[in-house]
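# Structural description and commentary
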Amino acid sequence: MTRPEILPSDLALVSPPSYTQALQSLRIKHTRIKQVMDELNCLIYPGSQDSILMVCGPTGVGKSALAKSMVKAENERSAPEMQADAGIIPAVYVEARASGEDDFSWRLFYQSVLEQLDTDLEIPKYHFDIDPITGRMVSPRSLKDRTLAGLRTSVERTLRHRKTRFLVIDEAAHIIHQTRRNRLEIQLDTLKSLANQTGVQIVMVGSYDLFQLMSLSGQLARRTHVLHMERYRQDNDHDIRAFHACVQKFQNTAEPVWGQGLMPYADSLHENTLGCIGTLSAILTRAAKLAETTGSWSPDHLRTALLSELQRKQILEEILDGEAAINPGLTRSMPKLPKTGAQQRKVA
Ligand SMILES: Nc1ncnc2c1ncn2[C@@H]1O[C@H](COP(=O)(O)OP(=O)(O)OP(=O)(O)O)[C@@H](O)[C@H]1O
Ligand SMILES: [Mg+2]
C-alpha cells in the first residue's frame, strides 16, 4: 500500500504541543503546599474536636489548588474502600458562590454540596436514598422544589450516607460577607451544626478577608483553628530557595518555549509576584501564550505578562494588612513552667 502524500496544507492543521496547557495543568508540590497539607492531614481524623478549620492566605498563593489536591488525594487514598462500597465519597470540594443577593444563599450552597455528593443528577429519583448498585443518591423531587429545611436535611443525610470525612468550602468569605456583626455567629453556627450532625470536618478556605471577618467576633475566632498559607518571603533564605525551585519547575515544563531563559529572572519574578506561586503560574502561562502566538520567545513577553505596579501595590497592601491581622493571631506562647527548687536557689 502506498503511503498517502502529506501536503504542506495538512501540516498546518497539525497543531504544535501547547505548553500553555502544560503550564496550566502543572501542580508543583512545593514547600508551602506540603506544610499546609501536612498540618491539615494531622488535624483531620475521625472524632477530631476541630470541626471547623480555616486556611487563609494571600490572593494567588495557591489556596484553591491546594484545596482541590487535598480532596483528590483523599479520594485516591480511599480508592479500595470506594471500590468495596460505591456510595462512599470521603472528601468533597465546593465553592461558596456569591448569589448576587444581599445575603449569602444557603439554598445555593446546599444545592452545590448535593451536586458534588450526587455525581449524576440526571438519574431517576424515586425515593431519597443511596442506590446500592450504582452508589448514587436518589431523591424524591428536583432540588429546585425543595424547601431550605428539606435541602439541609438532604445534605445531612447524604453526607452521612456518603461517609464523607471532610468538606472543603472555597471562597468561604462569601458566607459571612455583608453579614451584620450580630448575625456572624449564626452563619458559623449553621456550619458548625452541619459538622456536628454529620461528623464531617469543614475546611473553610479564603484570602485574608475571611480571617478578618472571623476576628470580628471572639466567639467565632475561638471555635475555629486557623492555618496560614503564607507567600514566599524575600527576606528568608529558605523561602527564596523554595521560590526559585518553583521557577525552575516552570522553566523545565515549557523549556522548548523559553529554553533556560527564565531562571535569570527568578528574583524579579519573586519581587513582582510577591512570592505567590499561583500568581507566578498566571504570569508564566500568559508569557508562554504570547510566545506561542508570535512563534518565538523574547524576555519582552515576560515583561508584558508581569503584574502592573498598580496591581502589585494593591495586592501588597492586602497582604500586609492580612499578615498584620493574622500573625499576632497565630502567635501562641507556652505557659511558663514553675521553677524547680534547684533553679530557685540558683537565682537567689
Ligand atoms: N502548586 C502549584 N503548581 C502550579 N500551578 C499552581 C499551583 N498552585 C496554583 N497554581 C496555579 O495558579 C493559579 C492560581 O492559583 P489558585 O487559584 O489556587 O490561587 P488562590 O490562592 O486560590 O487565589 P484567590 O485567593 O484569588 O482565589 C491556578 O489556576 C493554578 O493554575
Ligand atoms: Mg482561590
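Treat the numbers as computed from the prediction; the structure is a model and nothing was measured.

### Considerations on the pattern of salt bridges
Where charged atoms of side chains with opposite charge meet at close range, the side chains can pair. For the structure shown, the criterion picks out 13 salt bridges. Here E76 ties to K72 by a salt bridge, and the two come within 3.8 Å at their closest N and O atoms. Here K72 and E76 lie together in helix α4 (residues 63–77), a separation of 4 residues that amounts to about one turn. Between D235 and R233 there is a salt bridge, with its nearest N and O atoms 3.2 Å apart.

### Side note on helix α6 (residues 106–117)
The end-to-end C-alpha distance of α6 is 16 Å, a good match for the 16 Å that 12 residues give at a rise of 1.5 Å each. Regarding α6, the residues found buried are W106, F109, Y110, Q111, S112, V113, L114 and L117.

### Digging into the packing of helix α14 (residues 266–273) against helix α15 (residues 277–294)
At a closest axis distance of 9 Å, the pairing of α14 and α15 adopts a crossing angle of 115°. As for the relative orientation of α14 and α15, their crossing is right-handed in sense. Residue-level contacts link L269, N272 and T273 of α14 to T279, L280, I283 and L284 of α15. Looking at the contact of α14 with α15 residue by residue, the classes come out as 4 nonpolar, 3 polar and no charged.

### Side note on α15
Between its first and last C-alpha atoms α15 spans 26 Å; for 18 residues at 1.5 Å apiece the expected length is 26 Å, and the two agree. Among all positions in α15, only I277, T279, L280, S281, I283, L284, T285, A287, A288 and A291 are buried. Trailing α15 by a residue or two, G295 shows a phi angle of about 85°, which is positive.

### Digging into the packing of aromatic side chains
Within this structure, the stated rule accounts for 6 aromatic pairs. When the centroid spacing of 5.1 Å and the interplanar angle of 90° are considered together, the rings of F104 and W106 count as edge-to-face. Grouping residues by exposure puts F104 and W106 together as buried. With 5.8 Å between their ring centres and 35° between their planes, W106 and Y110 make a pair best called tilted. Taken as a pair, W106 and Y110 lie in helix α6 at a separation of 4 residues, close to a single helical turn. Its relative accessible area of 3% is what places Y110 among the buried residues. Taken together, the ring pairs connect F104, W106, F109 and Y110 into an aromatic cluster.

Thresholds applied
Residues numbered from 1 in each chain as written. Chains lettered and ligands numbered in written order. Predicted model: local features only at pLDDT ≥ 70, side-chain atom pairs only at ≥ 80, totals over all residues. Heavy atoms only, no water. Salt bridge = Lys/Arg side-chain N within 4 Å of Asp/Glu carboxyl O. Helix = DSSP H or I, 4+ residues; strand = E, 2+ residues; numbered from the N terminus. Expected span 1.5 Å × (residues − 1). Buried < 20%, exposed > 50% of the residue type's maximum accessible area, 1.4 Å probe, protein only. Axes fitted to C-alpha atoms, helices over the stretch in contact; angles between N-to-C directions. Left-handed = near helix turned anticlockwise from the far one by under 90°. Contact = heavy atoms within 4.5 Å. Nonpolar A, V, L, I, M, F, W, Y, C, P; charged D, E, K, R; others polar. Phe/Tyr/Trp six-rings, centres within 6.5 Å; stacked < 30°, edge-to-face > 60°.

Purely geometric stuff here, so don't read any function into it on its own.
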